[in-house]
Amino acid sequence: MASASAHPDDPHFVHRTGWLRAAVLGANDGIVSVSSLILGVAAATPDPGAILVAGVAGLVAGAMSMAAGEFISVSSQRDSEQADIRREKVALKKMPEEELRELAAIYEDRGLSSETALLVARELSARDALTAHVRDELGLSDALAARPLQAAFASGATFSSAAAIPVLAAWLAPAPATVPAVLAVSVAALAILGALGARAGGAPLVPATLRVLGWGIFAMAVTFAIGSLFGVSV
């Protein structure tokens, strides 16, 4: 049965954290890593072919790496969650009274009297003891559960989409204007990403946008400096 909400038309932002984190991470990494790669190569050589190949290679490799990395890391998180749930199942079978007192202690720590905490623990345990322990002892819920495929798709797709922005800029811009064109569209894309991420997550707009811009510009500047310094593709 779905739980009722006092504001069904205005859901909590926490329900978005699973895919939002992966999506913002993928898009930010796509813009920053590929634009930095292009700027580093452009600083080392003016060859448009080399610059474009570097950008496309960075897009493909980065998208695959992000998707695989998200899937592996979130799968590890899910495995840990499932292991804890299995431990709770065993504990509930072997020592139900100890688990009941443990649950009551959690509610008491949250401000309930010992009598009320025990009553709540008994009633929730009678309904579904495992769900009560998973939610209140382990801090797990359906909204925050690890979803490897969702995270992998969100990260890989957003990386590819975002990385295409500096690649297209490098492709369409005249050779002498490659660096300023890539820099301009990348900074604009990072600003939009920061604003969209803040809006989707209900965060303050300006700090979130400045955070994304600051780290992105720093990464691009460092890579461009390395390319200029050594005069080789990086």
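Remember, it's a predicted structure, so these values are computed and weren't measured experimentally.

Participant: In this structure, what is going on with the overall build of the protein? I would like to understand it.
Facilitator: When its secondary structure is counted, the protein shows 7 helices and 0 strands. Reading the secondary structure of the protein in the N-to-C direction produces α-α-α-α-α-α-α. Sorting the 234 residues of the protein into buried and exposed places 34% on the buried side. Sequence separation of at least 24 residues holds for 75% of the intrachain contacts in the protein that already meet a minimum separation of 6. Here the protein displays about 13400 Å² of accessible surface, and carbon together with sulfur accounts for 67% of that area.

Participant: Help me understand the packing of helix H2 (residues 48–94) against helix H5 (residues 148–172), please; the structure alone is not making it clear to me.
Facilitator: When two helices pack together, their arrangement is captured by the angle between the axes and the distance separating the axes. It is the contact of H2 with H5, at a shortest axis distance of 8 Å, that shows an interaxial angle of 165 degrees. With respect to H5, the element H2 is oriented roughly antiparallel. Every pair of crossing elements has a handedness; the one defined by H2 and H5 is right-handed. Of the residues in the contact of H2 with H5, the class split is 19 nonpolar, 7 polar and 2 charged.

Participant: Please clarify how the nonpolar core should be interpreted in this entry.
Facilitator: What tends to happen in soluble globular proteins is that the nonpolar side chains get buried as a cluster. With 26 residues, the main nonpolar core has Ile31, Val34, Ile38, Ile51, Phe159, Val182 and Leu190 as its most contacted residues. At the level of secondary structure, the elements contributing two or more residues to this core comprise helix H1 (17–44), H2, H5, helix H6 (178–201) and helix H7 (205–230). Ranked by residue count, the leading element in this core is H1, at 8 residues. In contact with Val182, not counting residues within four places along its chain, are Ser35, Ile38, Leu39, Pro166, Ala169 and Ala170. One finds Leu103, Ile106, Tyr107 and Ala132 within the second-largest nonpolar core, a separate group that totals 8 residues.

Participant: Quick question: what am I supposed to make of the side chain of Ser75 here?
Facilitator: Inspection of the secondary structure assignment puts Ser75 in helix H2. For Ser75, the residues in contact, after removing those within four places along its chain, are Glu70 and Pro148.

Calculation rules
Residues numbered from 1 in each chain as written. Predicted model: local features only at pLDDT ≥ 70, side-chain atom pairs only at ≥ 80, totals over all residues. Heavy atoms only, no water. Helix = DSSP H or I, 4+ residues; strand = E, 2+ residues; numbered from the N terminus. Buried < 20%, exposed > 50% of the residue type's maximum accessible area, 1.4 Å probe, protein only. Contact = heavy atoms within 4.5 Å. Areas by Shrake-Rupley, 256 points an atom, 1.4 Å probe, with all protein chains shown as cover. Axes fitted to C-alpha atoms, helices over the stretch in contact; angles between N-to-C directions. Parallel < 35°, antiparallel > 145°, perpendicular 65-115°, else oblique. Left-handed = near helix turned anticlockwise from the far one by under 90°. Nonpolar A, V, L, I, M, F, W, Y, C, P; charged D, E, K, R; others polar. Core = buried A, V, L, I, M, F, W, Y, C linked by side-chain atoms within 4.5 Å.

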